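Per-entry structural report
Here are the chains, one letter per residue:
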Amino acid sequence: MIEYQRVKLIISYDGTPFHGFQRQENAVTVQETLENALRSLFGYEICVGGCSRTDAGVHAEYFATHFDIPASFPAERLFCALNPFLPETIRAYESSCMPEQFNSRFCCRSKTYRYDFVTAHVPSPFYVNRAWQLNFRLDAGKMNKAAGGFTGIHDFKSFMASGSEVSSTVRTVNSASIVETNSGEIQKISFYINADGFLYNMVRIIAGTLVYISEGKLSPDVSEIITAKNRAAAGITAPPYGLYLYKVYYDDVQTKN
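My aim in this report is to walk through the structure given alongside it, one point at a time. Along each chain, numbering runs from 1 in the same order as the chain's sequence is written. Given that the model is predicted, a residue must reach a pLDDT of at least 70 before its local features are reported, and side-chain atom pairs must reach 80 or more before they are shown or counted; all residues, however, enter totals for whole chains, interfaces and linings. Calculated side-chain values reflect all of the structure's heavy atoms, with hydrogen atoms and water omitted.

Quick word on the nonpolar core
To qualify as a nonpolar core, a set must consist of buried Ala, Val, Leu, Ile, Met, Phe, Trp, Tyr and Cys residues joined through side-chain atoms within 4.5 Å. To sort residues, take the accessible area from a 1.4 Å probe on protein chains only and compare it with the maximum for the residue type: under 20% means buried, over 50% means exposed, and anything in between is partly exposed. One finds Ile 11, Phe 67, Phe 117, Phe 159, Phe 191, Ile 193 and Leu 210 to be the most contacted residues of the largest nonpolar core, which totals 72 residues. Contacts between residues were defined by any pair of non-hydrogen atoms, one from each residue, lying within 4.5 Å. Sequence-distant contacts of Leu 210, that is, excluding residues within four places in its chain, are made with Met 143, Ala 146, Ala 147, Phe 150, Ile 178 and Phe 191.

Here's the deal with the pairing of strand E3 (residues 59-70)
Only DSSP runs of H or I with at least four residues qualify as helices, and only runs of E with at least two residues qualify as strands; both kinds are numbered from the N terminus onward. Among the twelve residues of E3, ten are classified as buried, and the element is accordingly described as predominantly covered. Here, any two strands with at least 2 DSSP bridges between them count as paired. Here two bridges tie strand E2 (residues 49-50) to E3, and the two strands are oriented antiparallel to one another. Bridging across to E3, Gly 50 finds its partner in Thr 65. Bridging between E3 and strand E10 (residues 243-249) involves two bridges; their strand directions are parallel. Among the inter-strand pairings, His 59 is bridged to a residue of E10, identified as Tyr 244.

Some words on the packing of helix H3 (residues 140-148) against helix H4 (residues 202-215)
Packing of H3 against H4 leaves a shortest axis separation of 9 Å and a crossing angle of 130 degrees. Judged by the angle between their axes, H3 and H4 are oblique. The element H3 and its partner H4 pack so that their crossing is right-handed. Between H3, through Lys 142, Met 143, Ala 146 and Ala 147, and H4, the contact on the second element is made entirely by Leu 210, Ile 213 and Ser 214. All axes here are fitted lines through C-alpha atoms, helices being fitted over the stretch that makes contact, and every angle between N-to-C directions spans 0 to 180 degrees. Here the word oblique covers every angle except those under 35 degrees (roughly parallel), over 145 (roughly antiparallel) and from 65 to 115 (roughly perpendicular). We call a crossing left-handed when the near helix sits turned anticlockwise from the far one by less than a right angle, and right-handed when that turn is clockwise.

Points about the environment of Cys 51
With respect to the element layout, Cys 51 can be found in the loop between E2 and E3. Considered as a pair, Cys 51 and Cys 108 are 57 residues apart in the sequence and their alpha carbons are 7.3 Å apart. Not counting chain neighbours up to four residues away, the residues in contact with Cys 51 comprise Phe 63, Ala 64, Ser 104, Arg 105, Lys 111, Leu 245, Val 248 and Tyr 250.

Here we look at H4
In this model, H4 (14 residues) spans 20 Å end to end at C-alpha, consistent with the 20 Å of a helix rising 1.5 Å per residue. Counting buried residues in H4 gives twelve out of 14 residues, a clear majority hidden from the surface. All of the buried residues along H4 are Met 202, Val 203, Arg 204, Ile 205, Ile 206, Ala 207, Gly 208, Thr 209, Leu 210, Val 211, Ile 213 and Ser 214. Downstream of H4 by a residue or two, Gly 216 has a phi angle that is positive, lying close to 85 degrees. Expected helix span is taken as 1.5 Å per residue step, with the number of steps being one fewer than the number of residues.

Here it is as structure tokens:
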């Protein structure tokens, strides 16, 4: 009888050619591609679970997955063995044995997303599908001040795409900040946000709202938008290609040595 072990695999991927992480009919997804690679390596079907359901075009720098493989296979070497079976748009770079109850989605303590903006008079070919490119400069100071207003426990209904079905729209944002980097006429702004969970399109709507605040279309006092609990009170939904799942956090006690 074959004994199995639960494995956590960390991957990063360019979301451009994929219709998100979760498997779909008639669409190429990260989950399907990863499962195909595992089938090529082990010779049988392996079901992969993921820490998030990223949308089409969204990228991931640190994405956690979990699944079971034979206990005889060295878990810490799995990422090396798997990479030759993966396309260049997906890379595995860390793997470890976990307790059998570990679930990359439900055991997650918090996640950090990053949203990248690039401003320049002429769009750069190097940021195509990598950032939201704008032809006007953004007010990083105003955006950073507004970002701080998202921290804490709030009802983020104003920042959820319509049609979503969730039991609660309350989330705890631990941190939210803006980092600005300038190189010549190119201005790059990265928005970082860490929370215990996110609503559908929440980060992209907040990103679009920050742009509106920078332009003066909305008040920097985001408490008014939060209190409204109305999607129409917030800004536009930023495009997916500027969004990155930046890091996923787990308690150390969940790791099996």
